[in-house]
Amino acid sequence: MLNEDSVYEIAFHSTKQNLIRWEDNLSNREQTFNHFDVLFPNARQIHSIVQSGLTSFGSNWEKLAYDLASANGYKTFEKNDFNKNVPVISEDLKEFQQKMRRKFETEDVTLDKAIDEIRKFIIQNKLSSTERKKVESGKGIDFWFEKDGVELIGDIKSPQENIGNGKKLAEHILIWATYRLMDEPMTEIEAVIAFPYNPYADFETYMSLQGQKFAPMKTGTDYLMADQFWEKLSGVANSTKIIFDAFEALSQSEQILRIKQTIADLSQAK
């Protein structure tokens, strides 16, 4: 079992590896030009460089999720074994899936209930598919784990989504579940959206400012915020703070100082 120290060490080393990859990429980065280089040249270059780091850090959350889950006894599966190899869904199953989506949007069923209904539909109609395909672009998963007979699959998203995205994300959950149930009808599935941190001071503030964007999805079941996600993977309380403590330690490292100097040098280059 993990403890606070082991979560810290995993977060520290996982993030350090990601920073090393980003630092290597910075040295090979091609500079581009746009109109803001005329108006705010240094600021625009810094923004471009830091944005590349933010993009790179998206993969850090995935790697950290895999590292913590694996260390805590989850069986892990490569996400591309799912994203690049799912069954072709028949039209009648697509129609039933959309029926469940509409019932969820009107709050006639929960997502868990909708998934169970899709399972029943597949079993009762003896549906199967030998044809395979890639998941449609933008609808893939970021993680796929299994523990105690339950598969945990989902996507790690920014905690500040656009309004109305709850319906789209809920549909993604139903799509993932349908694919898995077509292959393994009796599989127990927990399909979720994960937000790796809370950008606000507390959970209540987050819900008042962002929560309505994900309606009718429910926090704690359909989407997991910060500790709801990390504690589920690690089994350790207050794991989000532990992870950010590791970030804080890295912020004072020689590696970060080198990256800051590289950013300064690149922003001045003409």
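Up top is the structure these notes are about.
As a further point, take the overall build of the protein. For the protein, the helix and strand inventory stands at eleven helices and seven strands. Across its three principal directions, the C-alpha atoms of the protein cover 65 × 45 × 40 Å. Long-range pairs, those at least 24 residues apart, make up 76% of the contacts in the protein between residues at least 6 apart in sequence. Working note: accessible area of the protein is about 14200 Å², and carbon and sulfur atoms make up 51% of it. Distance between charge centroids for the protein: 5 Å, based on 33 positive and 42 negative side chains.

What follows is about the pattern of salt bridges. Counted under the stated rule, the structure contains 17 salt bridges. With its nearest N and O atoms 3.7 Å apart, the salt bridge here joins Asp116 to Arg119. Placement of both Asp116 and Arg119 in helix H6 (residues 111-124) is noted, with a separation of three residues, approximately one turn of the helix. Owing to a relative accessible area of 10%, Arg119 belongs among the buried residues under this scheme. Between Glu117 and Lys120 there is a salt bridge whose closest N-O contact spans 3.5 Å. Taken as a pair, Glu117 and Lys120 lie in helix H6 at a separation of three residues, close to a single helical turn. The network of salt bridges with common partners includes Glu62, Lys79 and Asp142.

With that out of the way, let us pick up the packing of helix H3 (residues 41-71) against helix H10 (residues 239-250). The geometry of H3 relative to H10 is characterised by a closest axis approach of 13 Å and an angle of 125° between their N-to-C directions. Here H3 is positioned oblique relative to H10, judged by the angle of their axes. Between H3 and H10 lies a crossing whose hand is right-handed. Where H3 approaches H10, its residues Phe57, Asn60, Trp61, Leu64 and Leu68 are matched on the opposing element by Ile243, Phe244 and Phe247. Here the contact of H3 with H10 is built from residues that sort into seven nonpolar, one polar and no charged.

As a further point, take the environment of Ser137. Here Ser137 is to be found in the loop between strand E3 (132-133) and strand E4 (143-147). Sequence-wise, Ser137 and Asn83 are 54 residues apart; in three dimensions their C-alpha atoms are separated by 9.2 Å.

Here we take up H3. With 31 residues, H3 extends 45 Å from end C-alpha to end C-alpha; this agrees with the ideal 45 Å at 1.5 Å per step. After H3 finishes, the residue Gly73 shows a positive phi value of roughly 95°.

Rules and cut-offs
- Residues numbered from 1 in each chain as written.
- Predicted model: local features only at pLDDT ≥ 70, side-chain atom pairs only at ≥ 80, totals over all residues.
- Heavy atoms only, no water.
- Helix = DSSP H or I, 4+ residues; strand = E, 2+ residues; numbered from the N terminus.
- Contact = heavy atoms within 4.5 Å.
- Areas by Shrake-Rupley, 256 points an atom, 1.4 Å probe, with all protein chains shown as cover.
- Lys, Arg positive; Asp, Glu negative; His and termini not counted.
- Charge placed at Lys NZ, Arg CZ, Asp CG, Glu CD.
- Salt bridge = Lys/Arg side-chain N within 4 Å of Asp/Glu carboxyl O.
- Buried < 20%, exposed > 50% of the residue type's maximum accessible area, 1.4 Å probe, protein only.
- Axes fitted to C-alpha atoms, helices over the stretch in contact; angles between N-to-C directions.
- Parallel < 35°, antiparallel > 145°, perpendicular 65-115°, else oblique.
- Left-handed = near helix turned anticlockwise from the far one by under 90°.
- Nonpolar A, V, L, I, M, F, W, Y, C, P; charged D, E, K, R; others polar.
- Expected span 1.5 Å × (residues − 1).

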